[in-house]
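These are the residues of each chain, in order.
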2 protein chains.
Amino acid sequence: MTPKVLVIGAGAIGGFYGSLLAKAKAEVAVVCRSDYAQVKKHGINISSETLGNWHFRPSRVLQHASEYEGVADFVLLCTKVIPELDRVTLIRPAVKPQTSIVFIQNGVGIENELLDAFPNNDIISGLAFIGCNRIGPGEIKHLAYGRLSLGTISSHPGTKTAALCELFNKSGIECSASDDIIRDRWRKCVWNAAFNPLSVLSGGLLTLDILHSQEPLVRNIMQEISIIAAAIGHTLPTDSIDMSISSTYGMPSYKTSMLLDFENGHPMETEAILGNALRAANGAGIASPHIETVYALMKLRDIKSGTALANSKHE
Amino acid sequence: MTPKVLVIGAGAIGGFYGSLLAKAKAEVAVVCRSDYAQVKKHGINISSETLGNWHFRPSRVLQHASEYEGVADFVLLCTKVIPELDRVTLIRPAVKPQTSIVFIQNGVGIENELLDAFPNNDIISGLAFIGCNRIGPGEIKHLAYGRLSLGTISSHPGTKTAALCELFNKSGIECSASDDIIRDRWRKCVWNAAFNPLSVLSGGLLTLDILHSQEPLVRNIMQEISIIAAAIGHTLPTDSIDMSISSTYGMPSYKTSMLLDFENGHPMETEAILGNALRAANGAGIASPHIETVYALMKLRDIKSGTALANSKHE
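Fair warning: this is a prediction, and the values are worked out from it, not measured in the lab.

### Here's the deal with the overall build of chain A
A count of helices and strands for chain A gives 11 helices and 10 strands. Over its C-alpha trace chain A gives a radius of gyration of 19 Å, about what one expects of a compact globule, namely 20 Å for 315 residues. Seen through its C-alpha atoms, chain A measures out along the principal axes to roughly 50 × 40 × 35 Å. Looking at chain A as a whole, 60% of its 315 residues qualify as buried. If you take every contact in chain A between residues at least 6 apart in sequence, the share linking residues at least 24 apart comes to 73%. For chain A, the accessible surface area stands at approximately 12,000 Å², while carbon and sulfur atoms represent 52% of it. When the 28 positive and 30 negative side-chain charges of chain A are each reduced to one mean point, those points stand 7 Å apart.

### Let's talk about the interface of chain B and chain A
With 25 residues of chain B in contact, the opposing surface of chain A contributes 25 residues. Carbon and sulfur atoms make up 70% of the area that chain B and chain A hide from each other, which totals about 2,100 Å². For chain B, the biggest contributors to the area lost against chain A are Thr-293, Leu-297 and Leu-300 of chain B; these three give 25% of the whole. Summed over the shared surface of chain B and chain A, the number is 0 salt bridges. One can count 6 residue pairs in polar contact (both at pLDDT 80 or more) joining chain B with chain A. The set of elements that each furnish at least two residues to the side of chain B that touches chain A consists of helix 6 (181–201), helix 7 (207–231) and helix 11 (289–304) of chain B. Counting residues per element, the side of chain B that touches chain A draws most heavily on helix 11 of chain B, at 12 residues. Split by residue class, the side of chain B that touches chain A holds 12 nonpolar, 8 polar and 5 charged.

### Overview of helix 7 (residues 207–231) of chain A
Over its 25 residues, helix 7 of chain A runs only 28 Å from end to end, short of the ideal 36 Å by more than 12%, given 1.5 Å per residue. The positive-phi residue at the C-terminal boundary of helix 7 of chain A is Gly-233 of chain A, with phi of around 90 degrees.

### Here's the deal with the pairing of strand 8 (residues 122–136) of chain B
Residue and element names in this part refer to chain B. The buried count for strand 8 comes to 13 of 15 residues, which makes it a mostly enclosed element. Taken together, the 5 bridges between strand 7 (residues 100–104) and strand 8 define a ladder with parallel strand orientation. Looking at the pairing, Phe-103 lines up with Ser-125 of strand 8. The pairing of strand 8 with strand 9 (residues 139–152) spans 12 bridges and is antiparallel. Directly across from Arg-134, in strand 9, lies its bridge partner Ile-140. Once strand 8 ends, the chain turns through 2 residues before running back antiparallel as strand 9, passing Gly-138 with a positive phi of about 70 degrees.

### Thoughts on the state of the cysteines
Scanning the model with the defined rule gives 0 disulfides over all chains in all. Not part of a disulfide, Cys-165 of chain A finds its nearest cysteine sulfur in Cys-175 of chain A, a span of 3.5 Å.

### Quick notes on helix 8 (residues 240–250) of chain A
All names here are of chain A. Listed in full, the buried residues belonging to helix 8 are Ser-240, Ile-241, Ser-244, Ile-245 and Thr-248. The buried residues of helix 8 occupy one face: seen down the axis, they fall within an arc of 135 degrees. In this fold, the buried residues of helix 8 make contact with helix 6 (181–201) and helix 7.

### Observations regarding the domain arrangement of chain A
All names here are of chain A. Each domain of chain A was delimited in the assignment, giving domain 1 (4–179) and domain 2 (183–310). Taken together, the contacts link 25 residues of domain 1 with 22 residues of domain 2. Summed over both partners, the interface of domain 1 with domain 2 buries about 1,900 Å², with 54% contributed by carbon and sulfur atoms. When the area that domain 1 buries against domain 2 is broken down by residue, the three leading residues are Lys-80, Asn-106 and Val-108, summing to 37%. Summed over the shared surface of domain 1 and domain 2, the number is 3 salt bridges. For the salt bridge of Arg-183 with Asp-179, the shortest nitrogen-to-oxygen distance reads 3.2 Å. Scanning the region where domain 1 abuts domain 2 turns up 14 residue pairs in polar contact (both at pLDDT 80 or more).

### Brief notes about the relation of the copies chain B and chain A
The two copies are related by a screw operation: chain B maps onto chain A through 180 degrees of rotation and 0.0 Å of translation along the axis, at an RMSD of 0.0 Å. On this basis, the relationship between the two copies can be described by a two-fold rotation axis. When the interface residues of chain B are mapped onto chain A, 100% of them again fall at the interface, so both copies present the same face.

### A closer look at the pattern of salt bridges
Charged atoms that come close allow side chains of opposite charge to pair. For the structure on display, the rule yields 26 salt bridges over all chains. Among the ionic pairs, Glu-69 of chain B bridges to Arg-60 of chain B, the shortest N-O distance being 3.4 Å. Assessed through its relative accessible area of 69%, Glu-69 of chain B is described here as exposed. In this structure Arg-60 of chain B comes out as partly exposed when scored by relative accessible area, which is 36%. Each of Asp-179, Arg-183 and Asp-184 of chain A takes part in salt bridges that share partners, so that together they form one network.

What counts, and at which threshold
Residues numbered from 1 in each chain as written. Chains lettered and ligands numbered in written order. Predicted model: local features only at pLDDT ≥ 70, side-chain atom pairs only at ≥ 80, totals over all residues. Heavy atoms only, no water. Helix = DSSP H or I, 4+ residues; strand = E, 2+ residues; numbered from the N terminus. Rg over C-alpha atoms; globule rule 2.2 N^0.38 Å. Buried < 20%, exposed > 50% of the residue type's maximum accessible area, 1.4 Å probe, protein only. Contact = heavy atoms within 4.5 Å. Areas by Shrake-Rupley, 256 points an atom, 1.4 Å probe, with all protein chains shown as cover. Lys, Arg positive; Asp, Glu negative; His and termini not counted. Charge placed at Lys NZ, Arg CZ, Asp CG, Glu CD. Buried area = accessible area lost by both parts, 1.4 Å probe. Salt bridge = Lys/Arg side-chain N within 4 Å of Asp/Glu carboxyl O. Polar contact = N/O pair within 3.5 Å; in protein donor to acceptor, adjacent residues only side chain to side chain. Nonpolar A, V, L, I, M, F, W, Y, C, P; charged D, E, K, R; others polar. Expected span 1.5 Å × (residues − 1). Pairing = 2+ DSSP bridges. Disulfide = S-S within 2.5 Å. Arc of directions from axis to C-beta. Domains from an automatic or database assignment. Least-squares fit on C-alpha atoms with pLDDT ≥ 70 in both.

In structure tokens:
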């Protein structure tokens, strides 16, 4: 039976992974906002360094989840996680009892609002390790990597994590199930909490400029994330920080997703990454002064910046 | 006998206080750099909200202290404190045994290089509480306040602090001797270490925007400065932080001197304020994570910014 998928947020991430599921013969509809007219008319073009170029023509192009007429096996939530967007409201009209909710999004502590709102659904938390940008309306450029990690976070007996992994693997992208996706989220946050805000607060430095000049600050932030994760029961591998540092040294210098958002006047995932980390720290009674400072500075930055819906990502 | 004064760094601070000493009948020569041609030809115009407008014609206008031919009773050092400027080299040619060295400059821990270089001279540390800008070559606008606090830091028996205070008071500006000028420097640093970098790192916010949004961060930085000062033997008054906060709430919102420097592409006093505070903290074995973070971010900012000699101040 053809699996039915509704992608909500067809920017770089949603467009890319949605198009892969379509390649694997799923029936993939999309909800998009800023690019609606273009995608409805022309679909989405993906050019990938590793997978070639292809065209993705969604089965339906919608402006709102309520317009979806079928029963989705998977709702794939791929927007940014920002206070301006209510994730529950966004997906609710398309969530039926048999629908698995999959969110491929950045940030920590972003599970509970979905678990609370949809207590009887299969909920799958997803992390994308990918370099991928929306370069224009309906135009996505896949630069590097692409691996997905998925983990069931609901206690729903009929989780479809394995089926979804299979579908992605069939499409040509590596996807695996995680035994502790919350730990993996904190593991990813180690990098994000350091490089994303520093790239913005430095006035636009690339990863290697930051690292060459202020590696101790990068490490202090990473260390605080690591301590918070352990305190809430998701101890990270002991080499997490060293690996984050050395892998960044090993990559070409690049702009973080938060810097791209900032430069484009889009809202930044400050709350999903730093705010939620700090709230977890406060809950556990842990001081995180480096993150606290960086978070407060990002809030000051927000006062100076306009915000808009995002449609470009580099995760 | 007419006191002889050589002002080194005739920007807003040096031009303003030098002109006051000339008003009090001292013989005041100036060394200036960027405004040399203009000041040599036309002198300096001061327009003051509280003291009226006046013209200051220095007895000599020089490009370098070595050109000074007399024996100065006072060398008044009024440049910014930045690594690009070697304060000792700058003043040495004009320092004779009977010369008192007076520095009216921002920052903490900036005494030792002068004490070491001139062990037999009278050295007077000065703090200016003033709103004063260079608005063009040879044009100074005095906006508010103006009080000076002076304190002898050398063990020289014949200190001329009292005589200098008298001269300033005669000119119409309040000047008093401090019994612990180093403590007063740290007291001023409480404000500077918080508002100056936050105004830059926020992307250009004014004082009240910062305070309304992130007062806890402002207080955390102030608290760390206060702890460092106490650890090195200069305990601040217990109400220092509350007073700094409430007096800022009581003033109109304004741009800090560091933000003005940043916006004009001038070098910032990051080392004199934050760097030296952190070095004192390290020496005393004290953790100052909020300041550490802000300092590291300012260093990253520096990578993105060009630097040049400063000629505008708001202290």
